[in-house]
Structure formats: structure tokens, C-alpha cells
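# An overview of the molecular structure
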Amino acid sequence: MILVPSILSADFGILAEQIKKCENAGAEWLHIDVMDGHFVPNISFAMPVIKSIRKYTDMFFDVHLMITEPERYINDFIDCGADGVTFHIEATDFPDRCIEMIRSRGKLAGISIKPDTPVERIIPYLEKVDMVLVMSVEPGYGGQEYITAVNEKIKYLREIKGEYFKIEVDGGVRENNIDSVLAAGANVIVAGSAVFNGDIESNIKRLMR
Ligand code: DX5
Ligand code: ZN
């Protein structure tokens, strides 16, 4: 599995320091949540922050775009250091174009669905993407409860895509449910509050499998 700390729950005053702690604890990916106050009812941060932290680490930057019309900004996010870009199927009329924009620049292309979006919506794109991000909370905020019903989508995707495909799960994962999320078939696990609330390094070590 890949454990991916989500910096949404980090202390932004000492962000670089906290990212170093994630790296020292053995995390190889970093989850970066971009919110526009339109696709989701919250605003987070964007290019300047990503560009700044890019200088401090070689971790894989897993950028999760919770923004309307992601095609307008994908190139900018890649320019400022994204290694992978995931967009929401609900946020664009041009999913093929988004995938092409990401892949033509040699980056990992991810497609995401919100908890209420049927998995069928992304079937036409599964051959073209490198990863599916299954949201297990309503996107917008850290620290919410895991919606167990999404395990069915994870199981289904694992069945049809085989053992190596990247299925990322984001929202509400912590020590007491991570094993069931992995058992459902996820292999890339985002954790925000479970990593950044308390001691980062020991939290990560306890979540890793
Ligand atoms: C929610 C974000 C998540 C969030 C997860 O919209 O996409 O990445 O940071 O936080 P936790 O792990 O606290 O649910
Ligand atoms: Zn996220």
C-alpha cells in the first residue's frame, strides 16, 4: 500500500517541517487538496503553496483538484510541481481532454468520484487513467466519518481492473478502519487528520501496513 498524508490537516505555519516528518516516517507520496469554493463549499490553497513546498521535498505530489473546470488549470498545477493530477468527473465536461493534458506531460492521471456518484460514470475512462480516487467523504473538509457504502465501489473497481491498478481512497481513514479499506481493494490510502493530529511520525508508522 501507499500511505498518503493529506496536508489539508497540517499546520501551515510550519508546513515544510511537517512534510519532512512525513518523509522521515517513510511516506513517499503527499496528498495536496485544492478547493475552489465552488465545486466544494470550502477554499484551501493552490499554486503558490505547491511551488513553495516543492523546494523542500522530492516526495510524489498527488494533487487532488476539487475545482470546477479543471482543464483550465491542469497545466499550471503541473508547472508548479504536481507529479500526479486527479480531477473530478462531476467537475468537467471534458474528461478526455483532462486525461490527455495530464498524460501528455508524463504525469499520473487520476479520475475521482464523490460518494454519491455511481461508479458507472467513470467506466468509459478506466482504460485511459492511471488511478481512480474514490471519495469516502463528501469532499470539502478533513476529519469527517468514513462512508462505508463506498467499499462496494472499491471492490467492484478492484475486480474489473485487476490487482495492480491504483485505487486511492480519500476521507475518514484512520487506524480503526484502514484494514477494512485495504481489504475492500484500495492500495493508495489518504489520511489527513489521522496523520496530522498528534505526533506525525508515530501516526504514520501506526497506519502503515
Ligand atoms: C477532503 C479531502 C481529503 C481530506 C482527508 O475533501 O479530499 O483529502 O484531507 O482528510 P481526513 O483523512 O481527515 O478525512
Ligand atoms: Zn483529497
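Just above, that's the structure.
So, here's what we can say about the structure. It should be emphasised that the depicted structure is a prediction, and the values quoted were computed from it without experimental measurement.

### Details of the overall build of the protein chain
Along its length, the protein chain carries eight helices and eight strands. Dimensions of the protein chain along its principal axes, counting C-alpha atoms only, are 40 × 35 × 30 Å. Counting every position in the protein chain, which comprises 209 residues, the buried fraction comes to 53%. Long-range contacts, defined as pairs at least 24 residues apart, comprise 64% of the intrachain contacts of the protein chain with a sequence gap of at least 6. Carbon and sulfur atoms provide 48% of the accessible area of the protein chain, an area that totals close to 9,100 Å². A gap of 3 Å separates the mean positions of the 22 positive and 32 negative side-chain charges of the protein chain.

### Overview of the coordination of the zinc ion (ligand 2)
Around the zinc ion (ligand 2), the protein contributes the donor atoms His31 (NE2), Asp33 (OD), His64 (ND1) and Asp170 (OD), which lie 2.0 to 2.2 Å from the metal centre. Metal-centred angles of 70 to 172° between the six donor atoms at the zinc ion (ligand 2) mark the site as octahedral. Mapped onto the sequence, the donors of the zinc ion (ligand 2) take the spacing H-x1-D-x30-H-x105-D. Of the two residues, His31 is situated in strand S2 (residues 29–35) and His64 in strand S3 (residues 60–66); the sequence distance between them amounts to 33 residues.

### Thoughts on unusual backbone geometry
A positive phi angle is found at Glu69, which is not glycine, with a value near 50°. Along the polypeptide, Glu69 turns up in the loop between S3 and helix H3 (74–79).

### So, the site of ligand 1
Surveying the vicinity of ligand 1 reveals 20 residues, the closest of which are Asp33, Gly140, Asp170, Gly192 and Ser193. Between His31 and ligand 1, the recorded distance is 3.3 Å, taken from a side-chain N or O atom to an oxygen atom. The contact in question runs from an oxygen atom of ligand 1 to an N or O atom on the side chain of His64, over 3.3 Å. With the chains in place, 100% of the 380 Å² that ligand 1 exposes on its own is no longer accessible. Cavity membership is defined here by more than half of the atoms lying within 2 Å of grid points; on that basis ligand 1 lies in the largest cavity. Among the elements of the structure, S2, S3 and strand S8 (188–191) are those that each provide at least two residues to the shell around ligand 1. With three residues, S2 is the largest single contributor of residues to the shell around ligand 1. Looking at the shell around ligand 1, its residues break down into eight nonpolar, 10 polar and two charged.

### Quick look at helix H1 (residues 15–24)
Burial in H1 covers these residues: Leu15, Gln18, Ile19 and Cys22. When H1 is viewed along its axis, its buried side chains cluster within an angular range of 100° and face the same direction. Immediately downstream of H1, the backbone of Gly26 shows phi near 105°, a positive value.

### Details of the sheet that holds strand S5 (residues 108–113)
Judged by pairing direction, the sheet is parallel, and its eight strands sit side by side in the order S1-S8-S7-S6-S5-S4-S3-S2 without closing on themselves. In this open sheet, the two strands that pair with only one neighbour each are strand S1 (2–5) and S2. Averaged over neighbouring strand pairs, the angle between their axes works out to 25° when direction is ignored. Here S5 runs beside strand S6 (residues 131–135); their pairing, made up of four bridges, is parallel. Residue Ser112 lies in a different strand from S6, and its bridge partner there is Leu133.

Here is what the cut-offs are and how they apply
Residues numbered from 1 in each chain as written. Chains lettered and ligands numbered in written order. Predicted model: local features only at pLDDT ≥ 70, side-chain atom pairs only at ≥ 80, totals over all residues. Heavy atoms only, no water. Helix = DSSP H or I, 4+ residues; strand = E, 2+ residues; numbered from the N terminus. Buried < 20%, exposed > 50% of the residue type's maximum accessible area, 1.4 Å probe, protein only. Contact = heavy atoms within 4.5 Å. Areas by Shrake-Rupley, 256 points an atom, 1.4 Å probe, with all protein chains shown as cover. Lys, Arg positive; Asp, Glu negative; His and termini not counted. Charge placed at Lys NZ, Arg CZ, Asp CG, Glu CD. Donors = N, O, S within 2.8 Å, 3.2 Å for Na, K, Ca; no water. Tetrahedral: all angles 85-135°; square planar, octahedral: opposite > 155°, others 65-115°. Near = heavy atom within 4 Å. Polar contact = N/O pair within 3.5 Å; in protein donor to acceptor, adjacent residues only side chain to side chain. 1 Å grid on protein atoms, 1.4 Å probe; cavity = no way out; pocket = protein on both sides within 12 Å on 5 of 7 lines; lining within 4 Å. Sits in = over half its atoms within 2 Å of the grid points. Nonpolar A, V, L, I, M, F, W, Y, C, P; charged D, E, K, R; others polar. Arc of directions from axis to C-beta. Pairing = 2+ DSSP bridges. Axes fitted to C-alpha atoms, helices over the stretch in contact; angles between N-to-C directions.

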